[in-house]
Amino acid sequence: MVPVDLFGQSCDLDAILALCERWGVPVLCDSAAALGATQRGRHAGCGARLAAFSFNGNKIVTAGGGGALASDDPALIARARRLASQAKEPSPHYQHEETGFAYALSSVLAAVGLAQLPSLPQRVEARRALFARYQEGLGDLPGVGFMPEPAWGRANRWLSVALFHPRAGAPDREAVREALSALGIESRPVWKPLHLQPAFRDAPQAGGAAAARLFEAGLCLPSGSGLTPAQQDRVIAAIRACFGEAGR
Ligand SMILES: *Cc1c(COP(=O)(O)O)cnc(C)c1O
């Protein structure tokens, strides 16, 4: 099973692990966006057999691309290292007993990422402060919601997401996105659920209604660690303007 720490908030990993243990299902946690987040006092993904982290350009720590795999099983890590570096046998020529991948992160990119790691706590605090400020600046508007933080985890608030519920008095999510776009402010709908992607049209599926509702209502707001208070005020004012009288 591949649970996802969505938007930098850890999933309820212990509950998933207990369930999967009963059925003998290995768990690989997609903690791509959750570096610096914690669950029950441990790092995001900790407890799963493997946890994957992304250093893509938009993440909280970035090497421009690539990522890292974490596990407390040295054999799994050795296997991953081998597969990621073309599964070469120890021989003077290129000898392959099996096929591998060219997934190795270059030393130069690794150095770029490593240099940012010491400032991870400050980056997390900066993102959390952005989230709190959005919540403070927009939370009073009708039909606007934010992702609550569960008691068992501390999110890194990689992306600040706001929900716009038209039936509770908010404008449509797309109307807000387009109004921001007209002012040169980029925002994006939350991830489209896989079961709604045409590529998986014919795949078996179960559930998904909650994810579909979140996709309808959810908008990722500008969330870079370097966003200034003045820039954030501009975003907040632009969103409030979409609410007419209620936003004044
Ligand atoms: C960014 C992200 C990915 C993709 O990571 P890449 O390094 O770009 O492949 C996967 N899952 C989640 C939850 C992400 O946030």
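For the structure itself, look to the data block above.
For the structure given in this document, a descriptive report is provided here. (Residues numbered from 1 in each chain as written. Predicted model: local features only at pLDDT ≥ 70, side-chain atom pairs only at ≥ 80, totals over all residues. Heavy atoms only, no water.)

## With respect to the sheet that holds strand 5 (residues 67–70)
No. 1: With respect to topology, three strands assemble into an open sheet ordered 1-4-5, the strand pairing being mixed. With one partner strand each, in any of the chains shown, strand 1 (28–30) and strand 5 form the two edges of the open sheet. On average, each strand axis in the sheet is inclined to that of its neighbour by 20 degrees, with strand direction left out of account. (Pairing = 2+ DSSP bridges. Helix = DSSP H or I, 4+ residues; strand = E, 2+ residues; numbered from the N terminus. Axes fitted to C-alpha atoms, helices over the stretch in contact; angles between N-to-C directions.)

## What to know about the packing of aromatic side chains
No. 1: Tallied over the full model, the rule gives five aromatic pairs.
No. 2: For the ring pair Phe101 and Tyr103, a centre distance of 4.9 Å and an interplane angle of 15 degrees mean the geometry is stacked.
No. 3: Assessed through its relative accessible area of 40%, Phe101 is described here as partly exposed.
No. 4: Taking the centre distance of 6.3 Å and the plane angle of 40 degrees together, the rings of Trp158 and Trp191 count as tilted. Remark: Trp191 occurs in the loop between strand 9 (188–189) and helix 6 (209–217) and Trp158 occurs in the loop between strand 7 (153–154) and strand 8 (160–164); sequence separation between them is 33 residues.
No. 5: Members of the aromatic cluster, joined through ring pairs, are Phe7, Trp158 and Trp191.
No. 6: Taking the ring centre of Phe131 as reference, the NZ or CZ of Arg157 above it sits at 3.6 Å.
No. 7: The ring of Phe215 has Arg173 lying over it, and the distance from NZ or CZ to the ring centre is 5.1 Å. (Phe/Tyr/Trp six-rings, centres within 6.5 Å; stacked < 30°, edge-to-face > 60°. Buried < 20%, exposed > 50% of the residue type's maximum accessible area, 1.4 Å probe, protein only. Lys NZ or Arg CZ within 6 Å of the ring centre and 35° of its normal.)

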